Structure formats: structure tokens, C-alpha cells
Amino acid sequence: MSNNVGTQRSPYSVFAGPNLGYVMEMYDQFKASPESVDPELAEMFRSYGAPSIEGADQNTAMSAVPESNFGKVLAAYTLIDAIRTYGHLASDIYPLNDRPKDATRLELSFYGLSESDLQSMPASLFVKNPPAHVESGLDAVNYLKSLYTGKIAYEFSHVIDEEERTWIQSKIENGEISVQLSEDDKKALLERLTKVEGFEKFIHRTFVGAKRFSIEGLDSLVVLIDELVRRSEADRVKKILIGMAHRGRLNVLTHILNKPYEMMFAEFAGVPSEPFLPEDGTLATTHGWFGDVKYHMGALYKAPSGTERFLAYNPSHLEVVNPIVAGQTRAAQETTSHEGLPEQDMKAAYAIMIHGDAAFPGQGIVPETFNYSRVRGYKTGGSIHIIANNTIGFTTEYYDSRSTHYSSDPAKGFEVPVLHVNADSPEDVMAVAAFAFEYRQKFGKDILIDLIGYRRYGHNEMDEPLVTNPMMYHSIHKHPTARQIYGSKLVEANILKDDDVEKLDADIFAMMQAAYDKVKEDSSKAKERSNATPEAVMAGYPRDLETGVDHDRLQRMNEELLSYPDDFTVFSKLDRILKRREEPFKGKGKGKVDWAHAEQLAFGSILQDGKPIRITGQDVQRGTFAHRHLVLHDEKTGEEFVPLHHISDSKASFVAYNSPLTEFAVVGYEFGYNLEKDQALSIWEAQYGDFANMAQVMFDQFISSSHSKWGQQSGMVILLPHAYEGQGPEHSSARLERYLQLSAENNWTVANISSAANYFHVLRRQAMMLGTEVERPLVIVSPKSLLRHPLVGAEVSDLAEGHFQTVLEQPGTGQNPEKVKKILFASGKMAIDLAEKVKDGEGFDHLHIVRVEQLYPFPSEKIAEITARYPKVKELVWVQEEPKNMGSWSFALEYMLEIAGDKKSVSYVGRIHRASPSEGNGEAHKAEQQRIIEEALKK
């Protein structure tokens, strides 16, 4: 017996009066001797415990049943429960009818029941407010079977909240998950299906062999989204954000985003599509100069209703778009133009995430994103998930693709209701769409629609699926399309005639032919697009952008950051540490502004300038190295206090969220947030730099290349703690070389900073560029042991004046240009290790040390200016702690050779080529680090 009692009520609620007394007597007997009680009763007692007398007044219908039928009533109740819980296994949800139905649990004989047994019981025992025609228990069973085993199937017994389960059940059993369409509505639905199919057929015939990853077999996906859009517009939703892979994307772009047929056909014909962009401004598309294939592109449609529809750009990595769309949705819901926390309206926007049936259980990014659904820093009030279920993955059959019964099963672990629906039944598809939207708006939770269809052609239109999946595709070739099925239904209902259905198909094909003829006629006038990098991009960001903040403004802010409410108790040890931040403002030499202090002052000034800030990552509130403390906790009450919410003149919101233990999805989420809210400084910090390995797809496919592929700019900041301190291969290297390898066309800034002042200025520079044409991501290789190092610390005057410096010259070295024979170049901790050794430069007249703070764009001009001041230099030496095949050496070499010319040599000092980033032994690390320093400094 299922323990899903919450979907209806306790089984004891059907017993009243003497019957309840009898059951209670049997329970006492069961406690003394379980084997002496009827097995059905014993099973009920084991599942539900002691009978409750509270049920005595809930239902008196049982009084009409003789005592001898108690076991039969219990069996009937178990059957009813099974219909609700397992009806989906016997439902008609597979268009090809190629999966066995399991009705075992729904058979009367399975419970020892006969029709006459059920006829003697009133329907009200099992169904609340049954329809008039449902009178007996048998009627109730047949009625519920019709609801739970049709072309819509339901799974919701895993939902814990009783209110949700009761609401879902009442919607099903009251017949509310349905649509009532007029004859005109039905004709319009057929026209929609005809356009969806006609679009695919036209491309298939006109552009033979062209890849399009067609929607055919899941045509009603457009119908489903149509209904969601209609409901959203009626509910005044401001924005719908859609994430999906390539299957069916072109059809969604055309029929949901209203991208004109002419634009689509132009792209297939290989001619510019911009001349066919609507002149009314309702459709916005972006593209980069290097471009991407048409089935990766997105668009924004601004409907006359005021509801915007956005389809996110997405490469062939399928589900990776999910967290990006979630982040964009959160940003679309938030108002950030005030101090404190952002204001979030979860009904202002929501996401539709369209998944593949093989990818949904196969790719770990899916449960990572589901895990955000009720986490305070990431929740969006529920996404509507759709599995575009082809029942196949490329050539892989479902039994080789997953270990679960349905592809949707992973969602159940997050208490997400699941509705399976037959894609060949468009009216039922509309019904589940309406229900899903209502559920999302009411409960603010995710819901999943498993839209089950098939794939009419191969993985792409050049594949021959009969080679690998012959049984399935013999069935598909015989199977009518959704349009044909629905057209026949309307003919049978005397709404249309066969000729009407065929004429509609021919008319729509003719309309598309006319659109293509226009493309052929007008495309000769279009100017071919160049894939050259635009001049504005190559020009880069403004040089030496002034980012200093007035001393008095900094001091006032610092005092406010160290002021707490009278009733707030900071942990005493932490209080003493934070109070040290007063010292630098007492005069030069009294103390320095360390890394975290500089960061907080930069954040405060950015908020005062009107730019909101969102920083997330594992443990960012405190900081992995206990250095940051953006969120304070009352030692006695645990109450949170955020000092940055209480600075004067703040004009924007600030949040710092500790993220779930993931990198892949959270990096995508923050990227999406920044795309949607381009004025916000969105920062993700890795707990250790090498944790970003887990998010490599996001860096490769999105952050580094979205501008050149899709015209999408981001100003996201990535902080990657990095340094070799004897901690072993993990947590030493942030894999700097990977980000440098991805660097080109001014796509982002990569910095390895060794100065708190420089960190302050680079954050402010980044904030100033947000929302402008020079906006780009910023990757900072940030410190660990250097966080509190005196040589990294800054004077207040360093923050009050100046700008970010791409290159810093080491004080004390290079004082006598005529004596300098070599110049050392280093970044980050390596530069500080060298600085510690040379101190004031005494005894090191033969060299000069240059700290390269920005590695990309490489500061060649400034380095060339420095080297030109030293006429006797014969050797330029790149010094790094990473192995030779890692770090920045290979990237910098080409630039350094150009700077050196033919009069100077360029050499390397560091670890040799290695397969692993670092030694596993602390002592070995110290010895190797000492060797590097001595070799670099020797004459």
C-alpha cells in the first residue's frame, strides 16, 4: 500500500460510529497479535498507525457498508490510492505506443475485488464532491482511471507539502486540467500546427540536407509555449526567459519570438538577414563579428501586451544554459536602485527551461540548477521545465541512457510535480501548460512537463536513423503528424472538411514560398557581413581611467563601516581585527589598507556611484581565508548585519551570498545575472582558484566568447585565489594558463595583482565600464597568503589618487640605469617573494624588477618604455612559480620577444615542465621556491 495518504485523507476517515469502534478494537488486537488480524487491516495498521477518533465525523458514508465488508472497503481504498499514485504507468502518453503499459496495480483482481463489491460502496467514500454520474465505488474507480490514465499522466505523491498535493489532486479530479475550445479556437490551433509543420517541411524541401534540428514529432511544443505566453500576458508578467538546446529552436524563434520567415530563410540561403528585421522595433537580435550557427542564436521579442519574450543564446552544450537563464530571471525580477538588499518580485519574470530527454538525467548541471530553486540567493519563484522528449538521444535508446523509468525522475528529488503528456494531443498539451502556469504562480515552485513525442528524422537531417534505430523509425515513418491527427479530428467533428485541411496546408506553404521569393529578390542589395574584429573592440578600454576616491569620503565611509547598532554584538576577536581598519586613517606609517579592506572601500564607493553589487561563491561572506567579513553575525543572537547596507549616499543595493557547493552552475548563474543587469558588478569567487576547473564550459563557451559569437557583453568579475605555498597540487594553481589561452580580441582582462591599491582601482575601473561598449569580464588571480602581507598593503593616499596600473616597478631596484644588466618580470606572489628578498635594493644594482599586474591585454607599450630606460640590459627574465608549461610564460613569451628585439635575450626562471601543478611536499616546495628566487636574482 502506498503511504500517500496526504493526497486524499487518512483511510480511517471512511469509518464512523460502530464501524470506527470495530477498527479500533481490531487495532488493539493487532498490537497484541498481528497475525490474528485480517492481512489487509494489518497492512493498514502498519502503514498508518493507530486509528484516530478525529475521523469519526469526517465521513458517515461508511455506515451504509456491512461490517463484513471492512476488508473490501480497505482494499478499494488501496486501489483508489494506487490509481492516483501509479496511474501514470498505464497512461496513454506515448504517441508511437511503443512502451508497455503497466496496469497491474489498477486491476480489481489484484486487490481481491469484484465489480459487485465496488457497486455496493458509495462513491463519496473515495472521491470528494464526485460528479453526478459517479454514484458507486465502481463509478469512482472508472472515473479516476479516466483521469489518471489518459493522455496526461501525473506524478505528485513525492511532494511533501499537503496543501500542494491536495490542490493538485482536486484540480485533476474536478476535471479542471482541460481546455474548452470553441470551433474558432480549434481552427486556430490547427493553423498553428500547420505553420509549425509547414516551416519545417519548407526548409526540408528548399534547403536539402541543411541542418536544422527540426521540431517534427514535438510540434506541440510551440502550442505549449503559446499557452504559457497567453497566460503570462493575462497575468501581466513582464518577461519570459526561455532556455533550450538546438532541437526545435528555429521553430521557437519563428513562432514564439516572431522572427520573420524572411530572416530565417535568408540565413539558410547564406545571405544577410538584417534587411528583413521588423522596422517596428519589436524584435531585437544581436550577433558578434565572428558569429555562430543559426540554431545557437537567440532573440528578444517585445510584445504589444508589454510582456517580453527572450530566447537565450546557447551553444551545443545543451543543458548548460539552464543556470544562465535562471540568473537572468533573478536579475529581471530585482530592483537594485536603492541601498540595502534588492527588492525581488518573483511574478515579474520567470524562466521556461526546455530540456532534452537524454540530457535531463544525463547532465549534472540539471540537478545543480534545480538545487537553486529554493535557496535564498538564487530562487526565482519557480521555473516551468519542459522535457522535449524524443524518447531517444542521438542514436542512444532510452535503456542505454538512464537508470530511471522516466527521463524526468531526477526532478522528483526536489519535490517537483511532474506531468507527462502525449505530444500528439495538442488540446491536452494546452491544458497542462495552463495548469503549470497556475501552479507556478500560486506556489512559487518549479514544475515539470514531460512532453512525450518522437523525432521524425535523425539527430540532424543528414542522418539516417534506420541504421541504428530501425524498429523505432519504421514506426515513425508510418505515424501521422500532429497536424494530420488533429486535422482528422476536426473533420470527424464536422468542424472542417478534408479539403479545408489540405487547403490550409497549401496556403501556408505558399506564404512561405512568397517569403523566400522576397529573400531572393532583395538579398542581392544586402551588404555582406564582415567577420573582422570591430575597431571599437580592438581599441580596448580607456587608458588610465581615473578611479581615485577623495580621502575624506573614504574616511567617512570607513567610520560607517566600523559602526554597528547598539544592540549588535560582534564576536570580540573579530571586532578587534576589524577595528584595526581605523589605523591607516590615522596617518602614514600607522598601518596599511590590506586586500579585504581595500575591497570593502571599493565596494562602498561603487555603491555610492550608483552601481549595485552582487558577490557570490562558497563562503564569500567571511572569505575562504577569514579575511573579508562582509556579513557580520551577532555573537549572542546569530542575527546578520551588513555594514555596506549602512553607508551614507549609497544609491544601489548590495548582496553577498554564500553559494551552494558547486562551481559549474553558479558561474553560469552569475554570468546570466550580469547579462540581464549590465549595470551590476557581479562577482564570483572560487573557494580556491582550481575549483573553477569544474566550470570550464562556462568560461570556454560563454564568458570568453559570448561577445564575438552573439554580441553579448558581460562585465562579470571572477576571483581565483592562486599561489604556491606548499599546499600540494590542489589549491595552489588557478590554472592561469587556461584563461590566457582563451584571451584574444580584447575579450576580457586577466590580472595577477600584487597590490591592494591596484585591486581597489581595478574594481572601480570595472564598475565604471559596466553598461558601456568597452565592458568586458575581469579575471583576477587573487592572493591567499598575501591578503595581509605588508608589501601588498596600501596607504590611504594610494586609494585617493590615481588609477589601475598594469605594471608596477619594484621600489629600490633599477636606481642606476647604467648598472642594470637584466630585468625580472613577475606577477602576483612571485613578485612579492622577489620583493621580500631585495628589500630596499641594496646589493642588487645589477637588476630591476617589474611586476606585471595585467597579463591580458598584455602591457607591451609600458614594458617597452621601462626597458628603454636601461641601455645596458642584455637579458629579460620571466620569473614564475608555476611549471614552465603552465602559468603565464608561454603566453608572455611572444610579446617579450617582440619587446626584446635582436639586442636582448628572453629567458625563463621557474619550475620545469610538469604534469602536475605543484609538489606534494611542503619542504620540497620551499626548496624549489628558494632555487627559483636565487637563480632569478643572481648576477
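If you're wondering where the values come from, they're calculated on a predicted model, not measured in any experiment.

1. Let's talk about the packing of helix H3 (residues 70–86) against helix H5 (residues 137–148)
Orientation of H3 relative to H5, taken along the N-to-C sense of each, is 10 degrees, at an axis distance of 9 Å. By the criterion of interaxial angle, the relationship of H3 to H5 is roughly parallel. Crossing geometry of H3 relative to H5 is assigned as left-handed. Each of Leu 79, Ile 80, Ile 83 and Arg 84 in H3 lies in contact with H5, whose residues at this interface are Val 141, Leu 144, Lys 145 and Tyr 148. Looking at the contact of H3 with H5, its residues break down into 6 nonpolar, no polar and 2 charged.

2. Examining the confidence of the model for the protein chain
Detailed reading of the predicted model is not advised wherever pLDDT is low. For the protein chain, per-residue confidence averages 93 on the pLDDT scale, and residues scoring 70 or more make up 96% of the total. Low pLDDT, under 50, characterises residues 53–59; the predicted model gives this stretch 15 contacts beyond four residues in sequence or across chains.

3. Focus on the pairing of strand S4 (residues 299–302)
On a regular strand, each side chain points to the face opposite its neighbour's, so the side chains alternate between the two faces of the sheet. In terms of strand pairing, strand S3 (residues 283–284) meets S4 through 2 bridges, oriented antiparallel. Of the residues in S4, the one forming a bridge with Ala 284 is Leu 300. Judged from the 4 bridges that link them, S4 and strand S5 (residues 308–311) form a sheet pairing that is antiparallel. The partner of Lys 302 across the bridge, within S5, is Glu 308. Between the antiparallel neighbours S4 and S5 lie 5 residues, among them Gly 306 with a positive phi of about 100 degrees.

4. Re helix H21 (residues 595–608)
One turn of the α-helix equals 3.6 residues, which is why residues spaced by three or four share an orientation. The first and last C-alpha atoms of H21 sit 20 Å apart over 14 residues, in line with the 20 Å expected at 1.5 Å per residue. Looking at where H21 begins, the residue whose side-chain oxygen comes 3.4 Å from the main-chain nitrogen of Ala 596 is Asp 594. Looking one or two places after H21, you find Gly 610, whose phi comes out positive at around 95 degrees.

5. Looking at the pairing of strand S12 (residues 418–422)
Across the 5 residues of S12, 5 count as buried, placing the element largely inside the fold. Residues Val 418, His 420 and Asn 422 of S12 are buried on one face, and the alternating residues Leu 419 and Val 421, pointing to the opposite face, are buried as well. Sheet topology note: the strand S1 (residues 152–155)/S12 ladder contains 4 bridges and is antiparallel. What sits directly across from Ala 153, in S12, is His 420.

6. A word on the sheet that holds S1
Adjacent strands of a sheet pair through backbone hydrogen bonds, lying either parallel or antiparallel. The sheet built from 9 strands is open, its strands ordered S1-S12-S13-S9-S8-S2-S5-S4-S3 with mixed pairing. If you trace the sheet from one side to the other, it starts and ends with S1 and S3, each paired once. Of the strand pairs in this sheet, strand S9 (residues 384–389) and strand S13 (residues 447–452) are connected by 6 bridges, and their pairing is parallel. By the bridge assignment for S13, Ala 388 is matched with Leu 451. Against the sheet, helix H14 (residues 426–443) engages S1, strand S8 (349–356), S9, S12 and S13, with an angle of about 170 degrees to S13.

7. As for the nonpolar core
If you look at the biggest cluster of nonpolar residues, it comprises 126 residues, and the most contacted ones within it are Phe 654, Trp 684 and Phe 699. Counting residues in hydrophobic clusters, the runner-up holds 110 residues, among them Val 141, Ile 177, Phe 207 and Ala 303.

8. Digging into the packing of aromatic side chains
For the structure on display, the rule yields 44 aromatic pairs. An angle of 20 degrees between the planes, with centres 6.2 Å apart, marks the rings of Phe 199 and Phe 265 as stacked. Of this pair, Phe 199 sits in helix H7 (residues 183–206) while Phe 265 sits in helix H10 (residues 261–269), placing them 66 residues apart in sequence. Given a relative accessible area of 0%, Phe 199 falls into the buried group. Here a set of aromatic residues connected by ring pairs shows up, and it is made of Phe 199, Phe 202, Phe 207, Tyr 261, Phe 265, Phe 268, Phe 509 and Tyr 516. Looking at Arg 105, its charged tip hangs above the ring of Tyr 86, at a distance of 4.4 Å from the centre. In this structure, Lys 239 is placed above the aromatic ring of Phe 310, and the distance from its NZ or CZ to the ring centre is 5.5 Å.

Rules used throughout
Residues numbered from 1 in each chain as written. Predicted model: local features only at pLDDT ≥ 70, side-chain atom pairs only at ≥ 80, totals over all residues. Heavy atoms only, no water. Axes fitted to C-alpha atoms, helices over the stretch in contact; angles between N-to-C directions. Helix = DSSP H or I, 4+ residues; strand = E, 2+ residues; numbered from the N terminus. Parallel < 35°, antiparallel > 145°, perpendicular 65-115°, else oblique. Left-handed = near helix turned anticlockwise from the far one by under 90°. Contact = heavy atoms within 4.5 Å. Nonpolar A, V, L, I, M, F, W, Y, C, P; charged D, E, K, R; others polar. pLDDT = per-residue confidence, 0-100. Pairing = 2+ DSSP bridges. Expected span 1.5 Å × (residues − 1). Polar contact = N/O pair within 3.5 Å; in protein donor to acceptor, adjacent residues only side chain to side chain. Buried < 20%, exposed > 50% of the residue type's maximum accessible area, 1.4 Å probe, protein only. Core = buried A, V, L, I, M, F, W, Y, C linked by side-chain atoms within 4.5 Å. Phe/Tyr/Trp six-rings, centres within 6.5 Å; stacked < 30°, edge-to-face > 60°. Lys NZ or Arg CZ within 6 Å of the ring centre and 35° of its normal.

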